[in-house]
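Chain residues, written in single-letter form:
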Amino acid sequence: MNDTEQNEKRWIPSLVSQHHRQLHWVWKEEISEWLPSLHSEIDAELQRAKSKFPDWPTDPIHAFAIVTEEFGEAAKEVLQLTYEPKKSTIERIRTETIQLAAMAHRFLESLDRYEFKPSAQHEQQ
Ligand SMILES: [Mg+2]
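Residues numbered from 1 in each chain as written. Predicted model: local features only at pLDDT ≥ 70, side-chain atom pairs only at ≥ 80, totals over all residues.

### Some words on the overall build of the protein
What counts, and what does not: Per the convention used, a helix needs a DSSP run of H or I reaching at least four residues, while a strand needs a run of E reaching at least two, with both numbered from the N terminus. With C-beta atoms placed from the backbone, the exposure class of a residue follows from how many other C-beta atoms lie within 10 Å of its own: 20 or more, buried; 12 or fewer, exposed; in between, partly exposed.
For the protein, the helix and strand inventory stands at 4 helices and 2 strands. Seen in sequence order, the protein has helices and strands lined up from the N terminus as α-β-β-α-α-α. Counting every position in the protein, which comprises 125 residues, the buried fraction comes to 7%.

Laid out in structure tokens, this is it:
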């Protein structure tokens, strides 16, 4: 490897480690091998979720609530691994974040089918 090639390499953080909590680093070119695998895992989660729950809300607020539920679960794992490290793992963060990506994908799939209607409301005293 010459100096130019060496200089073009950039370190990119990766959370793919299944056995270590600390970040490890991979060469940028290794990402090209890693990303397709990640995309296939997100797609597998998407298909699993669609098989289990084929219906998706037509109301965009209900649909987005599903995305935010997964966001909350992923955030909980990140917080626990940070402040209560015995209660979570990198793998659990990864699993929840893949679920979040799959639900964000489902939300996007229906963008042209949502009915944006205001909810019934009532006055509070
Ligand atoms: Mg989840």
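### Thoughts on the nonpolar core
Quick note on the threshold: Nonpolar cores are identified as sets of buried Ala, Val, Leu, Ile, Met, Phe, Trp, Tyr and Cys residues joined via C-beta atoms within 7 Å. What counts as a contact is two residues whose backbone-derived C-beta atoms lie within 7 Å of each other.
A74, I93, L100, A102 and M103 form the largest nonpolar core, which has 5 residues in total. Top contributing element to this core by residue count: helix α4 (residues 90-109), with 4 residues. With residues near it in sequence (within four places) discarded, A102 still touches I42, E45, L46 and A49.

### Some thoughts on the packing of helix α3 (residues 60-83) against α4
Rules: In this description, a line fitted to the C-alpha atoms serves as the axis of each element, helices being fitted only across the stretch in contact, and the angle between N-to-C directions of two axes falls anywhere from 0 to 180 degrees. An angle below 35 degrees is read as roughly parallel, one above 145 as roughly antiparallel, one from 65 to 115 as roughly perpendicular, and any other as oblique. Crossing handedness is defined as follows: a turn of the near helix away from the far one that is anticlockwise and smaller than a right angle gives a left-handed crossing, while the clockwise case is right-handed. Ten residue types, Ala, Val, Leu, Ile, Met, Phe, Trp, Tyr, Cys and Pro, are classed as nonpolar, four, Asp, Glu, Lys and Arg, as charged, and the remainder, Gly among them, as polar.
Where α3 contacts α4, the two axes come as close as 9 Å, and the packing angle between them is 165°. As summarised for this structure, α3 and α4 are arranged roughly antiparallel, according to the angle between their axes. For α3 against α4, the interelement crossing comes out left-handed. From α3, A63, F64, I66, V67, E70, F71, E73, A74, E77, V78 and L81 reach across to α4, where they touch R92, I93, E96, T97, Q99, L100, M103, A104 and F107. Split by residue class, the contact of α3 with α4 holds 13 nonpolar, 2 polar and 5 charged.

### With respect to the environment of Q47
Along the chain, Q47 turns up in helix α2 (residues 28-52). Along the chain, Q47 and A102 lie 55 residues apart, while their C-alpha atoms are 8.8 Å from each other.

### Looking at the environment of R113
Topologically, R113 is positioned in the segment after α4. For R113 and P60, which are 53 residues apart along the polypeptide, the C-alpha to C-alpha distance reads 9.0 Å.

### Side note on the confidence of the model for the protein
Selection rule: One number per residue, pLDDT, summarises how confident the predictor is, and it ranges from 0 to 100.
Averaged over every residue, the pLDDT of the protein is 85; the share at 70 or more is 74%. The spread of mean pLDDT over the elements of the protein runs between strand β1 (residues 11-14), the lowest at 48, and α3, the highest at 98. Throughout residues 7-22 the model reports pLDDT below 50, and contacts reaching past four residues in sequence, or to other chains, amount to 20 contacts.

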